[in-house]
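The lines below spell out each chain.
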Amino acid sequence: MNYSITHTFSFPVDVLEKAMLHPDLIPFLQSEMDSLDEMEVLECVDEGETIRRRIRYLPKPIIKRIGLKKVPPKAMEFVEHSVYHKTQQMLEYNNISTHPKVRSIFVNRGNITFAYSGNTTTRTIAGELHVKVKVLGMVAEKVIYKSAKSVLDDEAAALTKFITLKNLG
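Figured I'd write up the structure that's included with this text. (Residues numbered from 1 in each chain as written. Predicted model: local features only at pLDDT ≥ 70, side-chain atom pairs only at ≥ 80, totals over all residues. Heavy atoms only, no water.)

1. Regarding the nonpolar core
If you look at the biggest cluster of nonpolar residues, it comprises 43 residues, and the most contacted ones within it are Met39, Tyr84, Phe114, Leu159 and Ile163. Take this core: its biggest share by element is eight residues, from helix α4 (residues 136–165). What Leu159 contacts, discounting residues up to four positions off in sequence, is Phe9, Leu16, Ala19, Leu25, Leu29 and Arg123. (Core = buried A, V, L, I, M, F, W, Y, C linked by side-chain atoms within 4.5 Å. Buried < 20%, exposed > 50% of the residue type's maximum accessible area, 1.4 Å probe, protein only. Helix = DSSP H or I, 4+ residues; strand = E, 2+ residues; numbered from the N terminus. Contact = heavy atoms within 4.5 Å.)

As structure tokens, this is what we get:
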């Protein structure tokens, strides 16, 4: 399935960029977001025009079973592999499961774009979510999308709070 999730912030893009790359953001998000068990920066490299990141996420379990099979909590763990293009104000991401069986059936990739207008910035997260399992895959995609949207809504609220607390805006 293809998806698009939009959030609006009362800050210019450069403030959001500064917050997204702030070393205190990840610990702050982890403490603020009930939907995450763990979040860890594995790599963040500024390459001039781009910033390359790898961030490990372990969300709270949302799928306990697929059919008759139990899904262990670690099966939901993934690593975001992303590149932020500074001049384009766009982040490309590919979320790769750390669980070998899930990795072979799960695809989640896309991009995040920012558009500043007036006094607000619109962040659009658009991408592809695919679970390569007949019949149940489409059901799993809908459940994962609903949960991911909730997590991203929580993240947007926490990001706004972080910017305000850190006086970045």
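2. Here's the deal with the packing of helix α1 (residues 13–20) against α4
Packing of α1 against α4 leaves a shortest axis separation of 10 Å and a crossing angle of 95°. Between α1 and α4, the interaxial angle falls into the category roughly perpendicular. In contact with Val15, Leu16 and Ala19 of α1, α4 contributes Leu159, Phe162 and Ile163. Of the residues in the contact of α1 with α4, the class split is six nonpolar, no polar and no charged. (Axes fitted to C-alpha atoms, helices over the stretch in contact; angles between N-to-C directions. Parallel < 35°, antiparallel > 145°, perpendicular 65-115°, else oblique. Nonpolar A, V, L, I, M, F, W, Y, C, P; charged D, E, K, R; others polar.)

3. Points about the sheet that holds strand β7 (residues 90–97)
What holds strands together in a sheet is hydrogen bonding between their backbones, with the strands either parallel or antiparallel. Taken in spatial order, the seven strands of this open sheet run β1-β9-β8-β7-β6-β3-β2, and their pairing is antiparallel. The open sheet has two edge strands with one neighbour each: β1 (2–9) and β2 (36–46). The mean angle between the axes of side-by-side strands here comes to 20°, regardless of whether they run parallel or antiparallel. As paired strands, β2 and strand β3 (residues 50–59) are joined by nine bridges and run antiparallel to one another. Of the residues in β3, the one forming a bridge with Glu40 is Arg56. Strands in contact with α1 are β1, β3, β6 (78–85), β7, β8 (106–117) and β9 (120–131); relative to β8, the strand with the most contacts, it is inclined by about 140°. Relative to β9, α4 is tilted by about 155°, and along the sheet it contacts β1, β8 and β9. (Pairing = 2+ DSSP bridges.)

4. Some details on the pairing of β7
Sheet topology note: the β6/β7 ladder contains eight bridges and is antiparallel. Within β7, the residue paired with Val79 across the bridge is Ile96. Connecting the antiparallel pair β6 and β7 is a turn made up of four residues, with Gln89 showing a positive phi of about 50°.

5. Comments concerning the pattern of salt bridges
Summed over the entire model, instances satisfying the criterion amount to 14 salt bridges. In this structure, Asp24 engages Lys166 in a salt bridge whose closest nitrogen and oxygen atoms are separated by 2.7 Å. With Asp24 in the loop between α1 and α2 (25–32) and Lys166 in the segment after α4, this residue pair connects regions lying 142 residues apart in the sequence. In this structure Lys166 comes out as partly exposed when scored by relative accessible area, which is 36%. A salt bridge links Arg56 to Glu77, with the nearest nitrogen and oxygen atoms 2.6 Å apart. Here Arg56 is found in strand β3, whereas its partner Glu77 is found in the loop between β5 (69–70) and β6, with 21 residues between them in sequence. The same class applies to Arg56 and to Glu77, which are both buried. Where salt bridges share partners, they join Glu38, Glu40, Arg56, Lys74 and Glu77 into one cluster. (Salt bridge = Lys/Arg side-chain N within 4 Å of Asp/Glu carboxyl O.)

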